[in-house]
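# Observations on the three-dimensional arrangement
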Amino acid sequence: MRRSGSVNGLSAAAGGMTAKLGRSRRDMETHLNAPLSQILVKDESSSVTMTKCIATLGPASRSVETLEQMLLAGMRAARFDFSYGNKQYHQETLNNLRQAIKTSRKMCAVIMDVKGPEVTVEKPENVKIEMTSGEDVILTSDCSRQVSSHCLPISLPNLSSLVAEGDEVFVGQYLFTGSETSSVYLSVKKIDGTDVICECHNTATLEGQITVHISNVKNSMPCLTESDKDAITTWGKSNEVDFLSLSFCRSAADVRAARSTLDEAGLSRTGILAKIESKEGLLNLKDILPECYGVIISRGNLGLDVGAEKMFLTQKAVLQQCNMHGKPAIVTRVVDTMTEAPRPTRAEATDVANAILDGADCIMLGAETLRGKNVVTTVKTVLQICAEAEKCFDYTAFYKGIMETANNGESVETGLTVLSEEDALASSAVRAADKVDARLIVCFTETGRTASNLAKFRPPMPILTVVVPKLISNNISWGFSGDSQARQSLIHRGTVPILADPTMGPRRGVMDDSILQFAVNKAHQMGLVRSGDPVVVSQRIGASSVVKVVTVGLDVPLSVDGGRDGGGAWGAQLQGSMIDLKNALPNASS
């Protein structure tokens, strides 16, 4: 076989773990050293963007037509924020998303974002509050008091005992962008009994849903309110959400409490995304990371706790910690001006690129897609910037950095890195793919863990994640796992998940060649490989972990029509066998 062979993951890793990667470094240097005349030429190629885009859905983005356009533009996960709207509202939006997924044939993960210990101004929905610079305003925990321009009742108990003179307070519109005239900055002047008297530093009109953030104050409210728990056990359960976004996550205990609530609701497969948006959460990040699925760097609120001059360094540090632990990292608040404008500012475009160069897996859009005027354009623009930044990403340095800290995220002082078997196999696959100039890495998984391990080492080529469904029972009925695992893979940088036919799963622990042929034909159909391209395959054969290199069209034959009609004979076989299997499933009680 040309370019073929197999390498045991453990021995390959031990043989040259920190050797320099080849093609990825050359490609990066070529792109950086290109003349300006070449850099300025618009890239019309249809290569896969490795970074993923998450969009918050709302009034501007909940129609089937708009959602279909967003999916085609590259949205790979949708955020349903329960700080806005009720269960019925979000159900209507999700139903529309499902219709758009069916029409566009694009996979999309569902993220349920609960309110958590968020602090809000307690006021009637339609009331507007005129705030004037230089005037005093009272903040109070007594929500029975009348809201006015001089008194703001807020939902934080014992407020006066938590703040001190000089503390900064931000009061602003839900999903504020910082440019609206509906946000004010206050500073605490004095505390009078239960009243916190503040000075207003800018003129604005507060309207709609108003949130409050007090810098560097520990919030003792529970991580999940009773309303949050009700939403999880009803809406979350009925829709089998892929992720729970845990707002204002402050500690590992918060994550464990949310995990308990999810498990009790029957959502054991739902991953938890810890939202870091306070100094307390930031300082406890090391303990939070082992407990959560991934991290959202909520730069809006976090930026109120962290000085402007420290924000860039904070972002780099958080992203580095996530990368070293193999946890997907999501960055928010990137192109705020596109809420109104059709293009980002130069600073915003650079900010997006720097997030990618720092190691972000996903970019999350908030107000830009919830209420913005340029929803689809925003998704396209952000991903175009990501694609350009990926060409300058130093895959060699990243790989070496991961290898040096691969021992549970800690640096190994002896100079001899000890890898887990999973990391050894993943690092071997990534190194082999770069050395043979592979166009694709193919991995087979039931849980999605193999794909996340590969993504941790940031290969410069896509990872085709073939999720093999598994027969499961909940004591009432039988079904197949796989859907949620495939969707969860969508928030890892570089992964391209697809579902295989359950009949192609391992027999007696051995994966046969039919599933590899299916995967390569699917990759060919998607335009990821061409005949003659080398592909690296990471899989388990019996009790052994194996990395092998195959050549498209030679070691793995392509279907006669190239799989352009949804997989040709493969597609028809898969569709038919899956339907037959589902129809033949017995009741668990039978």
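Above this text is the structure in question.
These remarks concern the structure in this document. Since this is a predicted model, take the numbers as computed values, not measurements.

When you go through the chain residue by residue, the secondary structure sums to 21 helices and 25 strands. For the chain, buried positions account for 54% of its 590 residues. For the chain, the proportion of contacts with a sequence separation of at least 24, taken over those separated by at least 6, is 72%. Just so you have it, the chain exposes about 25500 Å², and 50% of that area is on carbon and sulfur atoms.

Take the pattern of salt bridges next. All told, the structure shown has 23 salt bridges when counted by the stated rule. Glutamate 240 is the salt-bridge partner of lysine 237, the closest N and O atoms lying 3.3 Å from each other. A relative accessible area of 30% places lysine 237 in the partly exposed class. Between aspartate 351 and arginine 299 there is a salt bridge whose closest N-O contact spans 2.6 Å. With aspartate 351 in helix α13 (residues 346–358) and arginine 299 in helix α11 (residues 299–305), the pair connects residues that are 52 residues apart, well separated along the chain.

This part is about empty space enclosed by the protein. Following the criterion strictly, the structure yields 3 cavities of 30 Å³ or more and no others. The space that makes up the largest cavity amounts to roughly 340 Å³. Contributing to the lining of the largest cavity are 28 residues, with Arg79, Leu175, Lys275, Ser298 and Asn301 lying nearest its centre. Elements with a minimum of two residues in the lining of the largest cavity: β3 (75–81), β13 (210–214), α11, β18 (362–365) and α14 (367–370). Take the lining of the largest cavity: its biggest share by element is 3 residues, from β13. Considered class by class, the residues forming the lining of the largest cavity number 10 nonpolar, 10 polar and 8 charged. Within this model, the second largest cavity holds a volume of roughly 60 Å³. Together, Cys322, Asn323, Gly326, Lys327, Pro328, Asp361, Ser452, Ala455, Lys456, Arg458 and His492 line the second largest cavity. At the level of elements, α12 (311–325) and α18 (449–456) are the ones that each hand at least two residues to the lining of the second largest cavity. In terms of residues, the lining of the second largest cavity owes the most to one element, α18, which gives 3 residues. When its residues are assigned to classes, the lining of the second largest cavity shows 3 nonpolar, 4 polar and 4 charged.

Bringing the sheet that holds strand β16 (residues 294–297) into the picture now. Within the closed barrel, the 8 strands sit side by side as β2-β3-β4-β14-β15-β16-β17-β18. Their pairing is parallel. On average, each strand axis in the sheet is tilted by 25 degrees relative to the strand beside it, whichever way the strands run. Of the strands in this sheet, β14 (243–246) and β15 (271–276) touch helix α8 (residues 252–264), which is tilted by about 145 degrees from β14. Running at roughly 155 degrees to β18, helix α15 (residues 375–390) makes contact with β2 (52–56), β3 and β18 of the sheet.

Next up on the list: helix α5 (residues 87–104). The terminal C-alpha atoms of α5 lie 25 Å apart, and with 18 residues this matches the ideal 26 Å at 1.5 Å per residue to within 8%. Along α5, the positions that sit buried rather than exposed are Tyr89, His90, Thr93, Leu94, Leu97, Ala100 and Ser104. Along the axis of α5, the buried residues cluster in a sector spanning 125 degrees; they form a single face. Exposed residues on α5 whose side chains face more than 90 degrees from its buried face are Gln88 and Lys102. Contacts made by the buried residues of α5 are with α4 (64–73), β3, β4 (109–113) and α7 (226–238). The N-capping residue of α5, defined by a side-chain oxygen 3.3 Å from the backbone nitrogen of glutamine 88, is asparagine 86. Looking one or two residues beyond α5, the residue adopting positive phi is arginine 105, at roughly 60 degrees.

Now for the environment of alanine 60. One can find alanine 60 in the loop between β2 and α4. The partly exposed category is assigned to alanine 60, whose relative accessible area is 26%. Spatially, the C-alpha atom of alanine 60 lies 5.6 Å from that of leucine 370, the residues being 310 residues apart in sequence. Leaving out residues up to four positions away in the same chain, alanine 60 has contacts with Thr66, Thr369, Leu370, Arg371, Gly372 and Val375.

Within the secondary structure layout, glutamate 390 lies in helix α15. Buried charge glutamate 390 goes without a salt bridge, the closest partner of opposite sign being arginine 493 at 4.8 Å. At 2.6 Å, the side chain of glutamate 390 forms a polar contact with the side chain of threonine 51. Not counting residues up to four positions away in its chain, the partners in contact with glutamate 390 are Val48, Thr49, Met50, Thr51, Ile356, Tyr395 and Arg493.

Looking now at the state of the cysteines. Enumeration over the complete set of coordinates arrives at 0 disulfides. Note on cysteine 198: no disulfide assigned, nearest cysteine sulfur contributed by cysteine 200 at a separation of 9.6 Å. The exposure class of cysteine 198 is buried, given its relative accessible area of 0%. Cysteine cysteine 362 remains unbridged, with the sulfur of cysteine 53 as its closest cysteine sulfur at 8.8 Å.

What follows is about α4. By the burial criterion, the buried members of α4 are Thr66, Leu67, Met70, Leu71 and Ala73. In a view along the axis of α4, the buried residues occupy a sector of 160 degrees, so they form one face of it. Turned more than 90 degrees away from the buried face of α4, the exposed residues are Glu65 and Leu72. As for α4, its buried residues are in contact with β2, β3, α5, α14 and α15. Taken from the residues just after α4, glycine 74 is the one with a positive phi, measuring 130 degrees.

The next subject is the packing of α4 against α5. For the pair α4 and α5, the least separation of the axes is 8 Å and the interaxial angle reads 55 degrees. Considering the angle they form, α4 stands oblique to α5. In this structure, α4 crosses over α5, and the sense of that crossing is right-handed. Across the interface between the two elements, Val64, Leu67, Glu68, Leu71 and Leu72 from α4 touch Thr93, Asn96, Leu97, Gln99, Ala100, Ile101, Thr103 and Ser104 from α5. A class-by-class count of the residues in the contact of α4 with α5 yields 7 nonpolar, 5 polar and 1 charged.

Procedures and definitions
Throughout, a residue's number is its position along its own chain's written sequence, starting from 1. Given that the model is predicted, a residue must reach a pLDDT of at least 70 before its local features are reported, and side-chain atom pairs must reach 80 or more before they are shown or counted; all residues, however, enter totals for whole chains, interfaces and linings. Hydrogens and waters are ignored; side-chain quantities use all the structure's heavy atoms. Strands here are runs of E lasting at least two residues and helices are runs of H or I lasting at least four, both read from the DSSP assignment and numbered beginning at the N terminus. Categorising residues by exposure relies on relative accessible area from a 1.4 Å probe, with only protein chains included: less than 20% of the type maximum marks a residue as buried, more than 50% marks it as exposed, and the intermediate range marks it as partly exposed. Residue contacts are counted whenever heavy atoms from the two residues lie within 4.5 Å of one another. The protein chains shown are the only cover counted for residues, whose accessible areas, like all others here, come from Shrake-Rupley with a 1.4 Å probe. Salt bridge, as applied in this entry: a Lys or Arg side-chain nitrogen positioned within 4 Å of an Asp or Glu carboxyl oxygen. Only protein atoms enter the 1 Å grid used here. Points where a 1.4 Å probe fits but cannot escape make up a cavity, open sets with protein on both sides within 12 Å along at least five of seven lines make up a pocket, and a residue lines them when an atom lies within 4 Å of a point. Grid points are joined across faces, edges and corners, and a volume is the space filled by probe spheres set on the points. Note on residue classes: Ala, Val, Leu, Ile, Met, Phe, Trp, Tyr, Cys and Pro are nonpolar, Asp, Glu, Lys and Arg are charged, and everything else, Gly too, is polar. We call two strands paired when DSSP finds no fewer than two bridges between them. What counts as an axis is a line fitted to C-alpha atoms, over the stretch in contact for a helix, and the angles between N-to-C directions run from 0 to 180 degrees. By this rule the span expected of a helix is its residue count minus one, scaled by 1.5 Å. This arc is built from the directions going out from the helix axis to the C-beta atoms. What qualifies as a polar contact is a pair of N or O atoms within 3.5 Å, subject to a donor-acceptor requirement within protein and to the restriction that residues adjacent in sequence count only when both atoms come from side chains. The charged-residue count follows a simple rule in which Lys and Arg add positive charge and Asp and Glu add negative charge, with His and chain termini not counted at all. Our working definition of a disulfide is a cysteine sulfur pair at a distance within 2.5 Å. With respect to orientation, any angle under 35 degrees is reported as roughly parallel, any angle over 145 as roughly antiparallel, any angle of 65 to 115 as roughly perpendicular, and every other angle as oblique. Should the near helix be turned counterclockwise from the far one by less than a right angle, the crossing is left-handed, whereas a clockwise turn marks it as right-handed.

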